[in-house]
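Examining the three-dimensional arrangement
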Amino acid sequence: MNTRKVPQGYVLLKSSDGFEFYIAEECAKVSKFLKTTLESGFSEAKTGQLNLNEIPGHLLEKVCEYFYYHIMYEQTEGNLAPFEFPPEMAVELLMVANFLDT
């Protein structure tokens, strides 16, 4: 794993096909899997970098968008703006959401 410096308050998520996403740590912790990993004593917690070798970039990008969507609307009551994604991604996104415990 590359040991580049990740800005404080952010994490670096790396997809199976090499795409990299810097996202706010608060947003990454929407995922119980990522939260547990980032709060552990593992090297990922120290470096703020996680290799998600099971998740391709086009799905990880959409998951990152969902993390921000969740944080933006978590205190909102009533009708929420729908989280948009292409229907053809539905099954794959469900599998990724299950893996990440999101």
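Residues numbered from 1 in each chain as written. Predicted model: local features only at pLDDT ≥ 70, side-chain atom pairs only at ≥ 80, totals over all residues. Heavy atoms only, no water.

You'll find the chain entered in an unreviewed UniProt entry as Elongin-C, with Galdieria partita given as the organism. If you open the UniProt record of the chain and go to Subcellular location (unreviewed entry), you find "Nucleus". Annotation of the chain in UniProt includes, under Sequence similarities (unreviewed entry), the sentence "Belongs to the SKP1 family." (UniProt positions renumbered as here; feature names shortened; annotations may be inferred.)

1. Here we look at the packing of helix H4 (residues 57-73) against helix H5 (residues 90-100)
Two elements in contact, H4 and H5, have axes separated by 10 Å at closest approach and are oriented at 65°. The handedness of the crossing between H4 and H5 comes out as right-handed. When H4 is examined against H5, the residues His58, Leu59, Lys62, Val63 and Phe67 are found in contact with a partner set consisting of Glu92, Leu93, Val96 and Leu100. Counted by class, the contact of H4 with H5 contains six nonpolar, one polar and two charged residues. (Axes fitted to C-alpha atoms, helices over the stretch in contact; angles between N-to-C directions. Helix = DSSP H or I, 4+ residues; strand = E, 2+ residues; numbered from the N terminus. Left-handed = near helix turned anticlockwise from the far one by under 90°. Contact = heavy atoms within 4.5 Å. Nonpolar A, V, L, I, M, F, W, Y, C, P; charged D, E, K, R; others polar.)

2. What about the UniProt feature "domain: SKP1 component POZ" (unreviewed entry) in the chain?
Here, UniProt's "domain: SKP1 component POZ" (unreviewed entry) annotation points to residues 11-70. The span residues 11-70 is 50% helix and 20% strand, and its two end C-alpha atoms sit 17 Å from each other.

3. Re the packing of aromatic side chains
The geometry of an aromatic ring pair is captured by the separation of the ring centres together with the interplanar angle, meaning the angle of the planes. Tallied over the entire structure, the rule returns six aromatic pairs. With 4.9 Å between their ring centres and 55° between their planes, Tyr69 and Tyr73 make a pair best called tilted. Pair noted here: Tyr69 and Tyr73 are both in helix H4, with a separation of four residues, about one helical turn. A residue is classified by how much of its surface remains accessible, and Tyr73, at 23% relative accessible area, is partly exposed. With centroids separated by 6.3 Å and ring planes inclined at 35°, the aromatic side chains of Phe83 and Phe85 adopt a geometry described as tilted. On the accessibility criterion, Phe83 (22% relative accessible area) is partly exposed. Since its relative accessible area comes to 36%, Phe85 is described here as partly exposed. (Phe/Tyr/Trp six-rings, centres within 6.5 Å; stacked < 30°, edge-to-face > 60°. Buried < 20%, exposed > 50% of the residue type's maximum accessible area, 1.4 Å probe, protein only.)

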